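Given next are the chains, with one letter for each unit.
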Amino acid sequence: RSNHNVSQVSEGVLSRDENHTEDTPTQHALSPYLDYMAYLYQRMDPLPEQERFEINYRDFLQSPLQPLMDNLEAQTYETFEKDTVKYTQYQRAIAKALVDKVSDDEVSTTRTVLMVVGAGRGPLVRASLQAAEETGRMLKVYAVEKNPNAVITLHSLIKLEGWESMVTIISSDMRCWDAPEKADILVSELLGSFGDNELSPECLDGAQRFLKPDGISIPSSYTSFIQPVTASKLHNDIKAHKDIAHFETAYVVKLHRVARLAPPQEVFSFAHPNFSPKATNQRYTKLQFELPQDTGSCLVHGFAGYFDAVLYKDVHLGIEPNTCTPNMFSWFPIFFPLRKPIYVPSESPIEVHFWRCCGATKVWYEWALVAPSPSPIHNSNGR
Ligand SMILES: C[S@@+](CC[C@H](N)C(=O)[O-])C[C@H]1O[C@@H](n2cnc3c(N)ncnc32)[C@H](O)[C@@H]1O
């Protein structure tokens, strides 16, 4: 903030004054206003650490991670691991599940089998062991991870911490691991900014084979949300690519210069485990947004997306603006753009349709506006 030397700017204004001489600068008529703005600016509280970290990401479009298809880099894990709030929520959820699974009378005779699927470099293994210690429950942990680089770090961690007798590392994709026994608790964090967009449903469908029929999944459910937004900066950045493809994909972005036009609404929900033989991960939702009367007419450039996850019972975690977990920075919102900005006359509802489509080898979203005027279906057939 000390770099913002406002008085220099005011001198620049003065130098254009006809009466100005080097020795006796005169005050510009607006100078007191400028000084007062500088005074207010200098008295502002410093930005909290989280906002200082996020400032460079404001309105910066990023491709969502695809941790199933790609192996994450060490630096990405390192960033995850700094988000202590996320792991505290997991630890609270695991502690509650352990207490529900093993009564106080059974603590010395019962060992709970807990599997962390998608263990990364081990922070959820640590949270699980801490929950066990906190509740006095005995734990046997399997840490399943398909990224060979993360598995190497995981081995070092287990050795360093002396957890060898409690933790078994499995270097495998959870969807094809042949587990030697069934789990009481399945812990995962495969969530994207839109909940299911990193394919948590598909991975957990593959993993629930080795969860006991009365077993607990943490998270137990998650829901995505969207709301219409005016976001001309994001629209122009996408348009600069001069192709349709960039308008037919979603972006992770720290939303800043956007106007949120209506409260977020639920899009898709998933619950785990789901042993129903008819279960499908395809989804379709139609939503209507009523804009507040004082909004007047506006342009819609797309939809901001969020998620909320129930980890266990009343312990949740998420980024949906009305219920978001404070001080958690692992996820920025997602943005689904519209090819053309849509003009919304005052008091006209916005109707949008969203699909989650599943093919043999891929999962994709399609979206289309129906009212106040129709748009093409975006990302038709996941092209
Ligand atoms: C979002 S990261 C979370 C890592 C770690 N649990 C944490 O909180 O830092 C998801 C992890 O799941 C792993 N993963 C994704 N799909 C998987 C699969 N089908 N089988 C095993 N691991 C998987 C990824 O490689 C990644 O390490």
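The rules we used
- Residues numbered from 1 in each chain as written.
- Predicted model: local features only at pLDDT ≥ 70, side-chain atom pairs only at ≥ 80, totals over all residues.
- Heavy atoms only, no water.
- Pairing = 2+ DSSP bridges.
- Helix = DSSP H or I, 4+ residues; strand = E, 2+ residues; numbered from the N terminus.
- Axes fitted to C-alpha atoms, helices over the stretch in contact; angles between N-to-C directions.
- Contact = heavy atoms within 4.5 Å.
- Phe/Tyr/Trp six-rings, centres within 6.5 Å; stacked < 30°, edge-to-face > 60°.
- Lys NZ or Arg CZ within 6 Å of the ring centre and 35° of its normal.
- Domains from an automatic or database assignment.
- Buried area = accessible area lost by both parts, 1.4 Å probe.
- Salt bridge = Lys/Arg side-chain N within 4 Å of Asp/Glu carboxyl O.
- Polar contact = N/O pair within 3.5 Å; in protein donor to acceptor, adjacent residues only side chain to side chain.
- Buried < 20%, exposed > 50% of the residue type's maximum accessible area, 1.4 Å probe, protein only.
- pLDDT = per-residue confidence, 0-100.

Attention now moves to the sheet that holds strand E2 (residues 138-145). The strand order E3-E2-E1-E4-E5 describes an open sheet built from five strands, whose pairing is parallel. Two strands bound the open sheet, and with one partner strand each, they are strand E3 (167-171) and strand E5 (211-218). On average, each strand axis in the sheet is inclined to that of its neighbour by 25°, with strand direction left out of account. Sheet strands touched by helix H6 (residues 123-135): strand E1 (111-117), E2, E3 and strand E4 (183-188). Its angle to E2, the strand with the most contacts, is close to 170°.

All told, the structure shown has 21 aromatic pairs when counted by the stated rule. Members of the aromatic cluster, joined through ring pairs, are Phe194, Phe268, Phe289, Phe303, Phe336, Phe354, Tyr365 and Trp367. Over the aromatic face of Phe270 sits the side chain of Arg283, whose NZ or CZ is 4.0 Å from the ring centroid. Note that Lys362 overlies the ring of Trp364, its terminal NZ or CZ placed 5.0 Å from the centroid.

This part is about the domain arrangement of the protein chain. By a widely used convention, the size of an interface equals the accessible area lost when the partners come together. Segmentation of the protein chain into domains returns domain 1 (6-44), domain 2 (74-189) and domain 3 (224-382). Look at where the C-alpha atoms of domain 2 and domain 3 centre, and you get two points 32 Å apart. The partner domain 3 presents 14 residues to the 14 residues of domain 2 that form the contact. Here domain 2 meets domain 3 over a buried area of about 1200 Å², counting both sides, of which 65% is carbon and sulfur. Inspection of the domain 2/domain 3 interface yields two salt bridges. A salt bridge links Lys96 to Asp314, with the shortest nitrogen-to-oxygen separation between them at 2.8 Å. The interface formed by domain 2 and domain 3 includes six residue pairs in polar contact (both at pLDDT 80 or more). Secondary-structure elements contributing two or more residues to the side of domain 2 that touches domain 3 are helix H4 (74-81) and helix H5 (84-101).

Turning next to the environment of Thr295. With respect to the element layout, Thr295 can be found in the loop between strand E10 (283-289) and strand E11 (298-312). By relative accessible area, which is 28% here, Thr295 ends up partly exposed. When the C-alpha positions of Thr295 and Ser346 are compared, they lie 7.1 Å apart, and in sequence the two are 51 residues distant.

Now for the side chain of Gln91. Take Gln91: it is sitting in helix H5. Not counting residues within four places of it along the chain, the set of residues in contact with Gln91 comprises Ala127, Gln130, Ala131 and Glu134.

Once that is clear, we can look at the confidence of the model for the protein chain. Regions with low pLDDT carry predicted coordinates that are not meant to be interpreted in detail. When pLDDT is averaged along the protein chain, the result is 93, and 94% of the positions lie at 70 or above. Confidence over residues 1-20 falls short of pLDDT 50; this stretch has 19 contacts with residues more than four positions distant or in other chains.

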